[in-house]
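Listed below, chain by chain, are the residues.
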Amino acid sequence: MDKNLLGGLSPRTFLRDYWQKKPLLIRNAIPGFSGLLERDALFEMARDEDIESRFIAHDDRAWQLERGPLPKRLLRRPVSTPWTVLVQGLNLLLPEADALMRRFAFIPYARLDDVMVSYATDGGGVGPHFDSYDVFLLQGTGRRRWQISAQKDLSLVDGAPLRILRNFVPEQEWVLEPGDMLYLPPHYAHNGIAEGECTTYSVGFRAPSAQELGTAFLDHLRDRLCLRGMYADPDLAVQTDPAQLPAAMVDRVAGMLQDIHWSRNEIEQFLGGYLSEPKPHVFFDPPDEPATAKRFARKAARSGVRLDARTQLLRSGRRFWINGEAVEVPAGVHATLRTLASTRSLATVGEDDTALHLLHDWYCDGFLHVGARDG
Ligand code: SIN
Ligand code: CO
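Keep in mind that this is a model prediction, so the values were computed, not measured.

(A) Layout of the pattern of salt bridges. Under the definition given, this model contains 21 salt bridges. The partner of Glu197 in a salt bridge is Arg39, and the shortest N-O contact between them spans 3.4 Å. Note that Glu197 is positioned in the loop between strand 10 (189-195) and strand 11 (198-205) and Arg39 in helix 2 (residues 39-46), a separation of 158 residues in sequence. A salt bridge links Arg61 to Asp59, with the nearest nitrogen and oxygen atoms 3.4 Å apart. On the accessibility criterion, Arg61 (75% relative accessible area) is exposed.

Below, the structure is given as structure tokens:
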């Protein structure tokens with residue numbers, strides 16, 4: 001891994017001392033970095049109905065929030081007033097943003113969420129707030145002043161259209177230049193104010209809530225539920241009030257439901273599927289005229305393959321999940337798939353490789369493409 005990214009710290013030291021614990025400012029984390037896209041390209045994304053975007057402006061009195069797709073008139077506001085545009089999921093749209101996110105591969109892919117980009121005019125920003133997730137804030141073009149605070153008071157302004165801290169008391173602040181980066185753990189109060197026009201790239205992480213996991217796990221379990229038997233009461237006794245729910249009935253049903261159980265194995269199966277599931281607005285583009293298996297094999301042998309930026313391929317031991325589905329992996333394919341899962345590409349695929357059948361299916365689904373590199 002590139003040593004600058006964590007300011008000379010090894011991933012091990014970073015995880016031990018900072019991750020989920022305390023902020024870290026890294027000057028020149030990515031030397032020479034000056035953003036991944038032009039302002040107009042960013043605005044074009046914000047106008048697209050398939051892309052999640054927000055417009056935020058404020059004056060001394062109030063905050064304004066508009067959700068995308070954003071109309072042109074908002075994006076033509078004079079740059080002399082503070083406003084900002086944020087585009088989510090840049091990693092799904094731009095190979096360079098996916099590559100940026102993968103620089104953080106010392107953290108499991110199952111924890112990576114997305115790259116967001118923001119453009120702000122002088123004084124623009126989303127206001128003092130906290131996020132529930134870890135974030136690396138990487139400065140693209142221009143400069144941004146970041147103020148942060150370990151304050152415990154996380155109460156929010158009532159009635160504001162976005163989450164603004166009511167009493168933000170900055171404890172530390174820095175002006176970030178292109179390529180500088182600030183890591184913040186969850187629930188750390190922060191405020192980023194553009195100094196002149198600027199862009200910032202946020203690499204965000206994913207931490208599902210217990211409620212979200214619990215609900216999804218119960219759905220998973222329900223789909224697999226297979227209970228035998230029926231309610232029976234050969235020992236039914238006369239009771240004085242027929243409206244009374246019999247206590248023996250409750251006991252008997254409790255016994256029947258005890259057959260619902262799960263193992264760690266079931267939890268692993270659930271988690272692999274759940275965490276590799278694409279987000280609701282994500283769709284794959286299968287090739288218009290997919291190459292036959294034979295032709296695909298020839299091309300893959302020559303140029304290799306790479307996963308689509310939207311594809312999530314996770315594994316646990318010899319189990320694999322791709323985009324929400326568990327994969328039946330034939331013997332002899334594990335090593336190839338392991339490499340594909342961790343490096344997200346294969347420089348070449350042998351023409352008689354047993355993985356070919358699987359890879360061709362994924363290619364037909366739009367989950368992967370021929371060519372180990374983009375372009
Ligand atoms: C921004 O880029 O303006 C907002 C990023 C954040 O505070 O999480
Ligand atoms: Co934030």
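(B) Representation of the site of ligand 1. Every residue near ligand 1 is listed here: Met116, Ser118, Val126, His129, Asp131, Leu137, Arg144, Trp146, His190, Thr200 and Ser202. The separation between an oxygen atom of ligand 1 and a polar side-chain atom of Ser118 is 2.7 Å. His129 has a polar side-chain atom sitting 3.1 Å from an oxygen atom of ligand 1. Relative to its unbound accessible surface of 260 Å², ligand 1 loses 95% to contact with the protein. Looking at the shell around ligand 1, its residues break down into four nonpolar, five polar and two charged.

(C) Quick look at the domain arrangement of the protein. Domains assigned within the protein are domain 1 (11-205), domain 2 (210-263) and domain 3 (293-370). A straight line from the C-alpha centre of domain 1 to that of domain 2 covers 48 Å.

(D) Highlighting the coordination of the cobalt ion (ligand 2). Protein coordination at the cobalt ion (ligand 2) comes from His129 (NE2), Asp131 (OD) and His190 (NE2), with a distance range of 2.0 to 2.1 Å. Read in sequence order, the donor residues for the cobalt ion (ligand 2) give the motif H-x1-D-x58-H. With His129 in the loop between strand 5 (112-120) and strand 6 (135-139) and His190 in strand 10, this residue pair connects regions lying 61 residues apart in the sequence. You can call His129 buried: its relative accessible area is 10%.

(E) How the structure looks around the sheet that holds strand 4 (residues 83-87). Taking strand neighbours across the sheet as the criterion, the eight strands line up as 1-9-6-11-5-4-2-3 in an open arrangement whose pairing is antiparallel. What marks the edges here is a single partner per strand, and that holds for strand 1 (24-26) and strand 3 (63-67). Across the sheet, the mean angle separating the axes of adjacent strands is 20° when strand polarity is ignored. Judged from the four bridges that link them, strand 6 and strand 9 (residues 181-184) form a sheet pairing that is antiparallel.

Rules of the game
- Residues numbered from 1 in each chain as written.
- Chains lettered and ligands numbered in written order.
- Predicted model: local features only at pLDDT ≥ 70, side-chain atom pairs only at ≥ 80, totals over all residues.
- Heavy atoms only, no water.
- Salt bridge = Lys/Arg side-chain N within 4 Å of Asp/Glu carboxyl O.
- Helix = DSSP H or I, 4+ residues; strand = E, 2+ residues; numbered from the N terminus.
- Buried < 20%, exposed > 50% of the residue type's maximum accessible area, 1.4 Å probe, protein only.
- Near = heavy atom within 4 Å.
- Polar contact = N/O pair within 3.5 Å; in protein donor to acceptor, adjacent residues only side chain to side chain.
- Areas by Shrake-Rupley, 256 points an atom, 1.4 Å probe, with all protein chains shown as cover.
- Nonpolar A, V, L, I, M, F, W, Y, C, P; charged D, E, K, R; others polar.
- Domains from an automatic or database assignment.
- Donors = N, O, S within 2.8 Å, 3.2 Å for Na, K, Ca; no water.
- Pairing = 2+ DSSP bridges.
- Axes fitted to C-alpha atoms, helices over the stretch in contact; angles between N-to-C directions.

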